[in-house]
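Tertiary structure, described
For reference, the chains in residue letters:
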Amino acid sequence: MERPASVVKELLENSLDAGATRIRVEIEAGGRKLIRIVDNGHGMGRDDALLAFERHATSKLRSSDDLLSIATLGFRGEALPSIASVARVSLETRAAEDEVGTVMEIAGGKLLRVEDAGLPEGTTIAVRDLFFNTPARRKFLRAEQTELGHVAALVTHYALAHPTKHFELHSATQALLVAPAVANAGERLYQIFGRETFESLIPVAAEIDFARAGLPEPPPWKREQDYEAPEPGFVRLSGFVSKPELQKLNRNSIYVFVNGRLIRDKVILHAFNEAYRNIIPPTSFPVVLLFLEMPPQEVDVNVHPAKTEVRFRQGSFVHDFVRDSVRTALMNARPAASFYSALSGGARASESLMVDVSPLPGVDGAVFEPRALMVEESEGAIEPGDVAGFELRERVVPASPGRLGFSGPGMAVGYEDAGGATLAELAEESVGSQATLNALASLKPLGQLRDSFILAVNEEGLWIIDQHVAHERVLFERILRERKVEAVQRQRLLMPVLVELLPEQMVTFAEIAEELERNGFEAEPFGPRTLAVKATPVGLEGKELERVLEEVLGVTEKSAQVENEELRRTRIAASIACHAAIKVNMVLEAAKIDWLLRELGKTEHPMSCPHGRPIALRYSLRDIQRAFQRI
């Protein structure tokens with residue numbers, strides 16, 4: 001056990017494995033003083049309750065073959081005895097078929113009492129004085145608020161993963177989470193985080209059958225006469241991913257559940273990076289809440305003591321499926337960034353997607369500040385006016401570090417909207433009102449702002465398009481299409497252009513010369529540190545040609561080691577598109593503006609340029625009416 005959240009995780013997973021539909025978690029002093037979990041699951045008889053605290057005892061494995069097909073959240077039989085060895089534990093449980101329940105008390109691994117009692121069906125486990133007999137470990141626990149934040153994040157994530165179950169989380173002073181059962185994950189997301197968060201995410205759903213079975217078949221001499229090859233099964237993906245406008249500076253808001261188990265897997269994280277490549281900046285990360293379902297034999301969950309890392313039997317297959325599903329969802333949604341969200345947007349760091357655990361949130365209170373009575377030492381006598389008077393001052397409650405950072409009023413968790421509409425109706429209305437970029441083709445241009453931004457209107461409102469990044473996106477996707485069919489257009493130069501390079505850049509050129517040629521360049525060494533360029537992609541000339549070559553050949557050694565052929569291709573295409581695109585402070589004719597908007601509407605990802613900057617911002621008609629107090 002590392003911290004109180006680790007205890008909550010093990011006990012919470014046991015409750016879910018027991019079929020509980022209502023789970024209540026109570027925390028005091030950040031988990032140091034008390035952790036109590038109450039569920040209405042199957043419960044245990046007296047013998048099973050005694051056996052549960054023995055080392056390596058488990059009721060979740062029936063045979064050795066079950067180790068290759070883990071279908072539960074916990075199975076080692078080490079959690080309860082490990083917790084009981086470092087805390088004072090009381091267990092109250094009753095199975096449905098028993099007339100009486102069982103009460104047990106264990107302290108420091110020693111059984112104190114066992115007796116019968118009248119109890120409701122289910123199990124209640126209370127863990128008190130965590131690490132009371134290991135003071136060295138207790139000393140390394142963080143502040144109460146920090147430990148409570150970890151517990152809140154954990155309970156919130158499992159509430160999101162199991163929307164049809166009722167979850168509650170209570171501290172000594174407040175109810176942090178009350179989430180009654182709902183129909184699906186979308187309603188749960190809306191229920192806990194409200195409209196603002198829900199509208200910033202895009203639903204994702206996909207299914208595909210495995211190309212082949214993950215486990216090898218037994219040899220012919222070990223097969224029974226009626227042996228049949230196992231079905232490969234399906235892998236299903238559902239959940240939500242953020243729009244490109246919502247970005248984080250770390251991966252702490254990426255949550256993936258595999259068969260109901262929260263994991264942190266490098267294969268899946270890399271798939272998300274690939275899905276958002278050339279859509280958001282490479283230093284930013286999306287917000288993801290994703291659920292993967294697959295046959296238990298296709299994933300090995302027994303590779304990490306905390307069960308947070310897994311190993312897929314067909315890792316590349318799962319990686320490509322997740323990457324393509326998320327990217328397809330972004331292409332189909334084509335979300336439009338609002339003007340307000342862009343003003344307050346930008347990548348920011350956050351601890352996690354979690355409920356607020358700030359002390360006394362939303363409550364106006366006064367606290368005693370003893371520091372107000374402290375004065376500095378001085379040589380002279382202290383006058384009455386030198387000492388600050390005793391007063392009760394309002395405490396400024398800091399915002400929770402785990403908030404997503406959305407502005408606007410929130411929604412009380414576990415309740416319906418004041419208007420009486422159900423969560424399902426509100427969620428459906430929210431999805432239907434989200435703006436997309438499908439209307440780009442219907443825009444009517446009004447002109448240019450500072451010869452850099454195109455102003456256009458349609459029935460949805462006022463649009464502002466960055467002409468440079470819009471043309472950059474058009475060129476980027478065109479270059480990739482032409483490169484795929486080996487039909488890149490190039491222009492021959494009247495006289496070769498000589499470009500001076502550094503020695504390391506000449507080495508890089510030798511490595512990627514073939515890829516440069518396929519993208520429209522025709523160049524060859526002209527001396528030890530000079531490159532003679534005889535042909536370039538259409539639209540690239542003058543100083544921009546030299547800048548492209550310096551940018552493409554200036555990749556660091558570390559980046560070059562992890563760069564594969566596809567990444568190199570997109571990096572070169574992005575550099576060419578950026579330097580060949582229309583610049584800012586450039587006057588455009590009306591026909592050119594019409595062409596640019598029309599071509600932008602045909603692109604797969606008109607949300608952002610290949611470097612992640614937004615292309616179009618929408619000032620909706622509803623926002624305009626609200627600003628003029630029309631509604």
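Thresholds applied
- Residues numbered from 1 in each chain as written.
- Predicted model: local features only at pLDDT ≥ 70, side-chain atom pairs only at ≥ 80, totals over all residues.
- Heavy atoms only, no water.
- Phe/Tyr/Trp six-rings, centres within 6.5 Å; stacked < 30°, edge-to-face > 60°.
- Lys NZ or Arg CZ within 6 Å of the ring centre and 35° of its normal.
- Patch = residues over 30% accessible without salt bridge, like charges linked within 9 Å, V, L, I, M, F, W, Y side chains within 5 Å.
- Areas by Shrake-Rupley, 256 points an atom, 1.4 Å probe, with all protein chains shown as cover.
- Salt bridge = Lys/Arg side-chain N within 4 Å of Asp/Glu carboxyl O.
- Lys, Arg positive; Asp, Glu negative; His and termini not counted.
- Charge placed at Lys NZ, Arg CZ, Asp CG, Glu CD.
- Helix = DSSP H or I, 4+ residues; strand = E, 2+ residues; numbered from the N terminus.
- Pairing = 2+ DSSP bridges.
- Axes fitted to C-alpha atoms, helices over the stretch in contact; angles between N-to-C directions.
- Expected span 1.5 Å × (residues − 1).
- Buried < 20%, exposed > 50% of the residue type's maximum accessible area, 1.4 Å probe, protein only.
- Contact = heavy atoms within 4.5 Å.

**Notes on the packing of aromatic side chains**
Tallying each qualifying case throughout the model produces 5 aromatic pairs. Ring centres of Y190 and F198 lie 5.5 Å apart, and the angle between their planes is 70 degrees; on these two criteria the pair is classed as edge-to-face. Members of the aromatic cluster, each reached through a chain of ring pairs, are Y158, F257 and F291. One cation-aromatic arrangement involves R88 over F132; the distance from NZ or CZ to the ring centre is 4.0 Å.

**Concerning a negative patch on the surface**
A contiguous patch of negative charge on the surface is contributed by E224, D226, E228 and E231. Residue placement: E224 occurs in the loop between strand 9 (201-209) and strand 10 (234-242).

**A short note on the sheet that holds strand 22 (residues 490-500)**
Taken together, 3 strands build an open sheet; the order of strands is 22-24-23 and the sheet is antiparallel. The open sheet terminates on both sides in strands that have one partner only, identified here as strand 22 and strand 23 (522-525). If you compare each strand with its neighbour and ignore which way they point, the axes differ by 15 degrees on average. The sheet contact formed by strand 23 and strand 24 (residues 530-537) spans 4 bridges and is antiparallel. Bridge pairing links A523 to V533 in strand 24.

**Re helix 1 (residues 4-17)**
Taking 1.5 Å of rise per residue, 14 residues should cover 20 Å, and helix 1 covers 20 Å from first to last C-alpha, within 8% of that figure. Among the residues of helix 1, P4, A5, S6, V7, V8, K9, E10, L11, L12, E13, S15 and L16 are the ones counted as buried. Looking at the buried side of helix 1, the elements it contacts are strand 1 (22-28), strand 2 (34-39), helix 3 (79-84), strand 6 (122-128), helix 5 (144-161) and strand 7 (166-170). One or two steps after helix 1, the chain reaches G19, where phi turns positive at roughly 80 degrees.

**Here's the deal with unusual backbone geometry**
Residues other than glycine seldom take positive phi values, yet A29 does so here, at roughly 55 degrees. Summarising the element assignment, A29 is placed in the loop between strand 1 and strand 2. Of note in the backbone geometry, N585 takes a positive phi value of approximately 55 degrees without being a glycine. Classification of N585 as exposed rests on a relative accessible area of 61%.

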